[in-house]
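# Fold and geometry: a report
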Amino acid sequence: MKSLAITIDSVRKTYGTYIALDDVSLDIKAGEFLTLLGPSGSGKTTLLMALAGFVRPDSGKLLLGDQDITRLAPNKRDIGIVFQNYALFPHMNVLANVEYPLVLRKAPRAEVRKRAFEALARVKLEDLSERNIAALSGGQRQRVALARAIVFEPRVMLMDEPLSALDKNLRETMQYEIRRLHDDLGITTIYVTHDQREALIMSDRIVVMNSGRIQQIDTPQRIYNHPSTRFVAEFMGEANIIAPGLVRRIDGVDASPEALMIRAESFHLDAKLAGRDGVALEGTLRAKAFRGENWLLTLVLDGGQEVLVCIPAALASGCAELATGQSMTAFASAAKVHAIPGART
Ligand code: ADP
Ligand code: MG
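These numbers come from a predicted model, not from an experiment.

### A closer look at the overall build of the protein chain
- A count of helices and strands for the protein chain gives nine helices and 18 strands.
- Overall, the protein chain is about 75 × 45 × 35 Å in size when its C-alpha atoms are taken along their principal axes.
- Expressed as a percentage of its 345 residues, the buried residues of the protein chain come to 49%.
- For the protein chain, restricting intrachain contacts to residue pairs at least 6 apart in sequence, the fraction spanning at least 24 positions comes to 65%.
- In the protein chain, which carries 42 positive and 40 negative side-chain charges, the distance between the mean positions of the two groups comes to 4 Å.

Now the structure itself:
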């Protein structure tokens, strides 16, 4: 496949005194689906715009394969983009929108039409080629944007929160479709989202960003189960960060780290289910919430620390009867207790 690797080498971007990208370095493999994940303002769009050529880094280098593209014009970069604000042309129909990148590149007329229809077929829109953009749903518009991005067979795709305007069900369908399109075409893809679930579902690797810096680069499983910082632990799901001293019993757990992370869903209310080795946290029930597939319980430990405990509905037959204020103990097996290096509670 003719996809290309991307190298981001010590890229820095400031706006006045504000540091939007602080010495970001990252290697993306050819054909990889990599997601930039982070809260609003963490620098995700700035990094994508630098790759696309719309933002000029103060320093650092960007490579596509072995080609230095740091100062190359955007339309010379062989990069397909689907940005939230990189809108479709409302006065053109679907076909004309998809043909546009090829027309811009002065492809022969017959080839333009043929390749536009191939791209529309890939996103299942060939029947709507004559439609006006205004007459399309949100999901259909995003499919047109996808077709427009792939029509010139770029070697890299950049997508900036392409699904954030869609409702939940459509968003989930499109997550699978975008991933399938990636797998069919093999194009190196950098995808941006602030939604951790979306990142976990779609990615080969996730880059967690905060304040213009990379916090961790890893597979979805490692990011979720072995966060390297407190920020990553808390951003990726319901994490409890607990001082080792608060744990009444630690069997089979390294007792020396500065902080332990236990995910809310790693707890059981029945010690037997948690296994032999592990931790037991005693507290009182402050709140409980039924969330359909599970219950979320909030325990308060003696020192005042709150601990979130998530019990799957299938195991939670007694949760409806729990009364706030009652004392209870939550158990987690040693395998579910993760030391976080350098994270103080
Ligand atoms: P994200 O996409 O992760 O939400 P951005 O890359 O858009 O973050 O922005 C990172 C930071 O840089 C934000 O604090 C934003 O306000 C700032 N920023 C982005 N573009 C500009 C600009 N053109 N001028 C000034 N500040 C900017
Ligand atoms: Mg953004």
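### Quick look at the domain arrangement of the protein chain
- In terms of domains, the protein chain is made up of domain 1 (6–235) and domain 2 (239–339).
- Just the C-alpha atoms count here: the centres of domain 1 and domain 2 sit 39 Å apart.
- Across the contact, seven residues belong to domain 1 and six residues belong to domain 2.
- For the pair domain 1 and domain 2, the interface holds zero salt bridges.
- Looking at the side of domain 1 that touches domain 2, the elements that each hand over two or more residues are helix H7 (220–225) and helix H8 (230–235).
- Here the element with the most residues in the side of domain 1 that touches domain 2 is H8; it accounts for three residues.
- Its residues assigned to classes, the side of domain 1 that touches domain 2 shows three nonpolar, two polar and two charged.

### Quick notes on the site of ligand 1
- Surrounding ligand 1, one finds Tyr15, Tyr18, Ala20, Pro39, Ser40, Gly41, Ser42, Gly43, Lys44, Thr45 and Thr46.
- One of the side-chain N or O atoms of tyrosine 15 is found 3.5 Å from a nitrogen atom in ligand 1.
- At a separation of 3.0 Å, an oxygen atom of ligand 1 approaches a polar side-chain atom of tyrosine 18.
- Burial of ligand 1 by the protein chains amounts to 59% of its free accessible area of 570 Å².
- Contributions of two or more residues to the shell around ligand 1 are made by strand S2 (18–28) and helix H1 (44–52).

### A closer look at the pattern of salt bridges
- This structure, assessed with the given rule, holds 19 salt bridges.
- Notably, a salt bridge pairs aspartate 58 with lysine 13, separated by 3.9 Å at the nearest N-O pair. Taken as a pair, aspartate 58 in the loop between H1 and strand S4 (59–64) and lysine 13 in strand S1 (residues 6–15) lie far apart in primary sequence, 45 residues in all.
- Since its relative accessible area comes to 40%, aspartate 58 is described here as partly exposed.
- On the basis of relative accessibility, which here comes to 14%, the residue lysine 13 falls in the buried class.
- Each of Arg12, Asp22 and Arg213 takes part in a single network of salt bridges with overlapping partners.

### Considerations on the sheet that holds strand S5 (residues 67–68)
- Sheet architecture is open: four strands sit in the order S2-S1-S4-S5, paired in antiparallel fashion. Two strands bound the open sheet, and with one partner strand each, they are S2 and S5.
- Where S1 meets S2, seven bridges bridge the pair, whose relative direction is antiparallel. Residue pairing for S2: isoleucine 8 is matched across the bridge by leucine 26.
- The strands that H1 touches are S1, S2 and S4; relative to S1, the one it contacts most, it runs at about 115°.

### Considerations on helix H5 (residues 168–185)
- Over its 18 residues, H5 extends 26 Å from the first C-alpha to the last, a length consistent with the 26 Å expected when each residue adds 1.5 Å.
- When H5 is considered as a whole, its buried residues turn out to be Met174, Gln175, Glu177, Ile178, Arg179, Leu181, His182 and Leu185.
- Check the buried side of H5 and you find it contacts strand S3 (33–37), helix H3 (109–122), helix H4 (138–150), strand S7 (156–160), strand S8 (188–193) and helix H6 (196–202).
- Phi for glycine 186, located one or two positions after H5, is positive at around 70°.

### Observations concerning the sheet that holds S7
- Strand order in this open sheet of six strands is S6-S7-S8-S3-S9-S10, and the pairing throughout is mixed. In this open sheet, the two strands that pair with only one neighbour each are strand S6 (79–83) and strand S10 (213–218). Direction aside, neighbouring strands of the sheet carry axes that sit 15° apart on average.
- Sheet analysis places strand S9 (residues 205–210) next to S10, joined by five bridges and oriented antiparallel. Paired with methionine 209 across the strands is isoleucine 214, a residue of S10.

### Remarks on the pairing of S3
- For S3, the tally of buried residues reaches five of five residues, placing the bulk of the element in the interior.
- Along S3, one buried face is formed by Phe33, Thr35 and Leu37 and the opposite face, lined by Leu34 and Leu36, is buried too.
- Bridge count for S3 against S8 is five bridges, and the pairing is parallel. The partner of leucine 34 across the bridge, within S8, is isoleucine 190.
- In the sheet, S3 pairs with S9 via four bridges, with the strands oriented parallel. Bridged to leucine 37 within S9 is valine 208.

Basis of the calculations
- Residues numbered from 1 in each chain as written.
- Chains lettered and ligands numbered in written order.
- Predicted model: local features only at pLDDT ≥ 70, side-chain atom pairs only at ≥ 80, totals over all residues.
- Heavy atoms only, no water.
- Helix = DSSP H or I, 4+ residues; strand = E, 2+ residues; numbered from the N terminus.
- Buried < 20%, exposed > 50% of the residue type's maximum accessible area, 1.4 Å probe, protein only.
- Contact = heavy atoms within 4.5 Å.
- Lys, Arg positive; Asp, Glu negative; His and termini not counted.
- Charge placed at Lys NZ, Arg CZ, Asp CG, Glu CD.
- Domains from an automatic or database assignment.
- Salt bridge = Lys/Arg side-chain N within 4 Å of Asp/Glu carboxyl O.
- Nonpolar A, V, L, I, M, F, W, Y, C, P; charged D, E, K, R; others polar.
- Near = heavy atom within 4 Å.
- Polar contact = N/O pair within 3.5 Å; in protein donor to acceptor, adjacent residues only side chain to side chain.
- Areas by Shrake-Rupley, 256 points an atom, 1.4 Å probe, with all protein chains shown as cover.
- Pairing = 2+ DSSP bridges.
- Axes fitted to C-alpha atoms, helices over the stretch in contact; angles between N-to-C directions.
- Expected span 1.5 Å × (residues − 1).

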